[in-house]
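An overview of the molecular structure
Spelled out, the chains give:
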Amino acid sequence: MNKSKLLKRFRMLSRVMSNRGDITINLTGNRCYTDYNSITLPVGDLENPDYLELLEGAIDHEVGHLRWTDRTWTAKSYEKGVFFNAIRNGIEDIRMERMVCLEWPGAILNLSKMVTQGIKKGWFSKPTDSFPPSLLLQAVVVYYGRYKINNQVQLKEFCEIALALLTDCIGQKPVQDLILLLDTIPTLQSNQHSYELTEQIIQLLKKIEFKPGDSQGQNSNVSQQVINFVNECLNADESQLMADLHEQVNNELEKMADEVESSNDMEQLIDFNAPLISKNDRGTVGTAELNLAKRLSTPINRELHKIIYELHRKSVNFSKQGRTVEANRLAGVKAGNFNVFKSERITKAPTMAISVLVDRSSSMSADDMNGVNTSALAINLAIDKLKGVNSECIYFSAGYLYEAKCFKSTTKAVKDNFRVSSRGGTHTGLSLYSVIRRLSLRVEQKKVVFIITDGQASDLKYLEKSIEMSELLGIQIVCIGINTGMLYGFENQELLNIQTVEELPSILKQVIKNKLIA
């Protein structure tokens, strides 16, 4: 990927992930910082995989903090001392990254790569018996949370060593109690909860005692050892703690940026906000032909099923070694053909998410709206019958999107929502941008947008950027024109042009096949 496309990809992904219209990501200069409305990251060597992995992890991590971390409780945490804040920060990072991965599954890989980079660079190090008490306890919190809760399995060994060392220092029961507290991290809903869990951990440390046999000399020494351990934790300074991951990543990115010459002609991308999506339609009720949509959904489903089935392949090979003998080929052994061992490889069809984006602007006549409503209804009914394929249906005009069907609902259950009338302008570009954002966060492997429109887009500059964004994110676009010779802004896209809705099944096949199998 060339430099220009890479920069655009990072910018687009960050805006998709933030889910806040006022957050922007800037790749410029050689310094990392945030003003809590934007994040600036430095430009390093775009061909260095270490730089790219850290950059993608940093975007996921920092946008997650802006989305889910309340700075008020971070400030309160600093007031409680460096040890308290280090534990709270470790817990908050785990909680926040877990939220990031639940909403944006693609972040799982990026954050895991960032941890691998952290191990390679020594930010996460293997615990030893020379660790200060504060660092050992912090290691248990960070490694246990990242391994057990966030499934960053590369930290498994470090976690197990840290637990064993901590058990030697303070005993098995206190460590078990600590683990019970850490296991509550998935239930935490805010940075305040991270703060409160840290308070519980501190109280647990202060209450550790060895009651049986304290009068005996040996146990008395053990008890004093635990008291000393706890005191050293509570009174630790920054040199006795793991450095903040945020600072480590930022410092490394800045270091990498210093090693390359920063570009002064960085391309400025158009920044725009996605329209809001409503589940309630403010327009008057239009028409849709339900019986026709049901009838058309069967051939549409049949064509889609054939196309998707082509992606589900089974290949059979024969070789001289293996576990399964194909009896029908044994007869060829005498002739020297020893390839009698059979092996099969099955490639499953990918899961898919399809957004049907429907033009309901005022340029659409009542007859046109009846046609697009019926078409959208037929397509969604057909998709409902396909295993592993999910759909939504969004109507657009100017600055307003109406969700007729969400991914979770069945089309049959919301069929009356497709009786939509025309109104407003045609903000195709901004509407496509909003749908692409939603699709990019889906877990399905393939993502497609069906656009049904009469082709009169009024925001061509945004449409151009949205199409470019879809290409960078690997989201396919299928254009369906209603009574139009061309779709403005989609000149380089394949066009399905229909005069009546009954043409839809026959004309849909080839272009969808080209898009999905390409």
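Structure shown above.
Residues numbered from 1 in each chain as written. Predicted model: local features only at pLDDT ≥ 70, side-chain atom pairs only at ≥ 80, totals over all residues. Heavy atoms only, no water.

**Overview of the pattern of salt bridges**
Pairing of side chains with opposite charge becomes possible as their charged atoms draw close. Selection criterion: We define a salt bridge as a side-chain nitrogen of Lys or Arg found within 4 Å of a carboxyl oxygen belonging to Asp or Glu. The helix count covers DSSP runs of H or I at least four residues long, the strand count covers runs of E at least two residues long, and both are numbered beginning at the N terminus. Each residue gets one of three labels from its accessible area relative to the maximum for its type: buried under 20%, exposed over 50%, partly exposed in between, using a 1.4 Å probe on protein chains only.
All told, the structure shown has 14 salt bridges when counted by the stated rule. Between Glu252 and Lys121 there is a salt bridge, and its shortest N-O distance comes to 3.4 Å. Here Lys121 lies in the loop between α5 (107-120) and α6 (133-149) and Glu252 lies in helix α11 (residues 245-258), a separation of 131 residues in the sequence. Overall, the relative accessible area of 14% leaves Glu252 in the buried class. Put simply, Glu502 and Arg295 hold a salt bridge, and the shortest N to O gap is 3.4 Å. Linking Glu502 in the loop between β12 (495-498) and α16 (504-517) with Arg295 in helix α12 (residues 290-310), this pair joins segments that are 207 residues apart in sequence. On the accessibility criterion, Glu502 (48% relative accessible area) is partly exposed. Relative accessible area serves as the criterion here: at 48%, Arg295 is assigned to the partly exposed category.

**Regarding unusual backbone geometry**
Even without being glycine, Asn151 reaches a positive phi, approximately 60°. The residue Asn151 is located in the loop between α6 and α7 (156-170) in this model. With a relative accessible area of 56%, Asn151 lands in the exposed category.

**Some words on the sheet that holds strand β9 (residues 401-405)**
Where we set the bar: A pair of strands is considered paired only if DSSP assigns at least 2 bridges between the two.
Read across the open sheet, the seven strands follow the order β4-β9-β8-β7-β10-β11-β12; overall the sheet is mixed. Across the chains shown, the open sheet's two edge strands, defined by having one partner strand only, are β4 (277-278) and β12. For strand β11 (residues 476-482) and β12, the ladder comprises four bridges, and the chain directions are parallel. Within β12, the position partnered with Ile482 by the bridge is Ile498.

**Considering the environment of Gly90**
Among the secondary structure elements, Gly90 is positioned in helix α4 (residues 82-103). Assessed through its relative accessible area of 9%, Gly90 is described here as buried. For the pair Gly90 and Gly145, spaced 55 residues apart in the sequence, the C-alpha separation amounts to 8.4 Å.

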